[in-house]
Amino acid sequence: SAHTVIVGAGLAGVQTGVALREQKWLGAITVIGAEPHVPYDRPPLSKAVLTGRAENAEFDVDFDALGIELRLGVTVTGLRVRDRAVLTDAGELRYDRLVLATGAEPLTLPGSTDVPGVGLLRTLDDARRLRPVLESGEPVVVVGAGWIGAEFTTAAREAGCPVTVVEAADRPLAGTMPAEVAAPMAAWYAEAGAELRTGVAVRAVHEDPAAKVELADGTVLPASAVVVGIGARPATDWLRGCGVDLASDGSVRVDQQLRTSVPGVYAVGDCASFPSARYGERLLIHHWDNALQGPRAVAAGIAGGDGGQAVPLGGTVYDPVPYFWSEQFGRFVQYVGHHRDGDELLWRGEPGGHSWSVCWLREGRLNALLAVGRPRDLAQGRKLVERGAGLDRELAADPAVPLKKAAVAPP
Ligand code: FAD
């Protein structure tokens, strides 16, 4: 019978296996994962697993019952598309359908990878290495004030470690949030007792804990450990030269049904970028919800009998409204949509307060929403963004008015 091979045993890979069975794919399924651990979820790594409130975050999936074969601790090294074969460090494997779900790998600080005490936060092993650092209560330096940096800082401050965060840009989340929205979030660092140093790069990291991190302005920071959270890029180096189209950002280029340039080969999750008709651009999303929803579209293509044709019978167009959340500094932060430069900002509540939301409007329509401690705004905003609803600015600016009551027909 036909065999679907899935490369990568993270959320996207595992969910593709599950979705294939849900959609009545009867062929064999093999999931290959480089990590030796039972497949697990990543968001808890910078939250409960880091603080010791949870030991791990294994997926609640019965692989045996679903007839999904796991090959763990096996790394895929290449692909021979003409033979429909994947090459691994444990031999070759034939496939009829192939799903690339290798996720992303964190960027490293140049010259830091061999320095003891310098680490990343992507895997269960990373989180377990960082736990004793938190338990020690000794000073840590965080490089990068992005989502991971903020969540690690939260955990480290909870554990009582002195924390200095070094950010090369002039504000936290510079890659994703405009300055007005990042400003109140910068204040959260100080409120938690962490020192945030923006606009300065790391020049070097050293072995000596007394002079661990040297900044471009000459400052030297002591630290027992350094955590680097400066972004991630698709884990696709192994695909170079195999015939699968990659975009310039390293992502696997897929079409709106998550099919790669090679017939019978799909890609999904953090490793893939897809064309969004909704937003008129190609999206590369590094968030959990995308790795959860994308697999259903892949499974629909495979189980629907794509036969490698241009228009699969059961294919589903994948064009989601992006969603993600973060838990930082005692706050639940959620974002839905996709804002662009030039969108108009509309606040609900005081940005200095404990809970507020901000809406991005384009030509009167709700494009995106960031909710801090206001999950109802998020839930209602999500529906409005999906519908492309307009907003009555006066009503929407009143945080006491439910957001859905501010919806109007799009202008
Ligand atoms: P991954 O989870 O990266 O899984 C890919 C797997 O493939 C990995 O296990 C990798 O080892 C394996 N692999 C790679 N290359 C090969 C190869 N050549 N051969 C075999 N196996 C290979 N998102 C949110 O929306 N909210 C959050 O709060 C949030 N918190 C996060 C916290 C942390 C610490 C991290 C790291 C991420 C967080 N995310 C969060 C992002 C979310 O976890 C990712 O978007 C999601 O894990 C992507 O799933 P994936 O399956 O595409 O990739």
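Residues numbered from 1 in each chain as written. Predicted model: local features only at pLDDT ≥ 70, side-chain atom pairs only at ≥ 80, totals over all residues.

Chemist: Which parts of the structure should I look at to understand the overall build of the protein chain?
Modeler: Within the protein chain one finds 9 helices and 28 strands. With the C-alpha coordinates aligned to their principal axes, the bounding extent of the protein chain is approximately 60 × 60 × 35 Å. Residues counted as buried form 42% of the 411 residues belonging to the protein chain. Sequence separation of at least 24 residues holds for 58% of the intrachain contacts in the protein chain that already meet a minimum separation of 6. (Helix = DSSP H or I, 4+ residues; strand = E, 2+ residues; numbered from the N terminus. Buried ≥ 20, exposed ≤ 12 C-beta atoms within 10 Å, placed from the backbone. Contact = placed C-beta atoms within 7 Å.)

Chemist: Explain the domain arrangement of the protein chain to me, please; I cannot follow it from the model alone.
Modeler: Reports of interface size often rely on the accessible area that becomes lost once the parts have come together. With domains assigned, the protein chain is organised as domain 1 (3-105 + 232-303), domain 2 (108-228) and domain 3 (330-408). In this structure, domain 1 and domain 2 have C-alpha centres spaced 30 Å apart. At the junction of the two partners, domain 1 supplies 12 residues and domain 2 supplies 13 residues. Of the residues forming the side of domain 1 that touches domain 2, the biggest block, 3 residues, is contributed by helix α2 (residues 48-51). The residue makeup of the side of domain 1 that touches domain 2, split by class, is 4 nonpolar, 5 polar and 3 charged. (Domains from an automatic or database assignment. Nonpolar A, V, L, I, M, F, W, Y, C, P; charged D, E, K, R; others polar.)

Chemist: Where do I start with the UniProt feature "domain: FAD/NAD(P)-binding" (unreviewed entry) in the protein chain in this structure?
Modeler: Here, UniProt's "domain: FAD/NAD(P)-binding" (unreviewed entry) annotation points to residues 3-292. When the span residues 3-292 is considered, its composition is 22% helix and 28% strand, and the gap between its end C-alpha atoms is 22 Å. (UniProt positions renumbered as here; feature names shortened; annotations may be inferred.)

Chemist: Explain the site of the ligand to me, please; I cannot follow it from the model alone.
Modeler: Residues in contact with the ligand amount to 36 residues; listed here are only the nearest, Gly8, Gly10, Arg42, Gly103 and Gly269. When contributions to the shell around the ligand are tallied by element, the ones reaching two or more residues are α1 (11-22), β2 (28-33), α7 (288-303) and β22 (323-328). For the shell around the ligand, the per-class residue count stands at 19 nonpolar, 12 polar and 5 charged. Residue assignment places the shell around the ligand across two domains, with domain 1 (3-105 + 232-303) and domain 2 (108-228) each supplying three or more. (Near = placed C-beta within 6 Å.)

Chemist: In this structure, what is going on with the sheet that holds strand β18 (residues 252-253)? I would like to understand it.
Modeler: The pairing of strands in a sheet comes from backbone hydrogen bonds and takes either a parallel or an antiparallel form. Strand order in the open sheet formed by 3 strands is β18-β20-β21, and the pairing between neighbours is mixed. The open sheet terminates on both sides in strands that have one partner only, identified here as β18 and β21 (281-284). With 4 bridges connecting them, strand β20 (residues 272-276) and β21 associate as antiparallel partners. The residue of β21 that forms the bridge with serine 273 is leucine 284. (Pairing = 2+ DSSP bridges.)

Chemist: Help me understand unusual backbone geometry, please; the structure alone is not making it clear to me.
Modeler: Residue arginine 84 is not a glycine yet carries a positive backbone phi of 50°. Looking at the secondary structure, you find arginine 84 in the loop between β4 (76-80) and β5 (85-88). The partly exposed category is assigned to arginine 84, around which 19 C-beta atoms lie within 10 Å. One non-glycine residue with positive phi stands out, namely glutamate 363, at about 50°.

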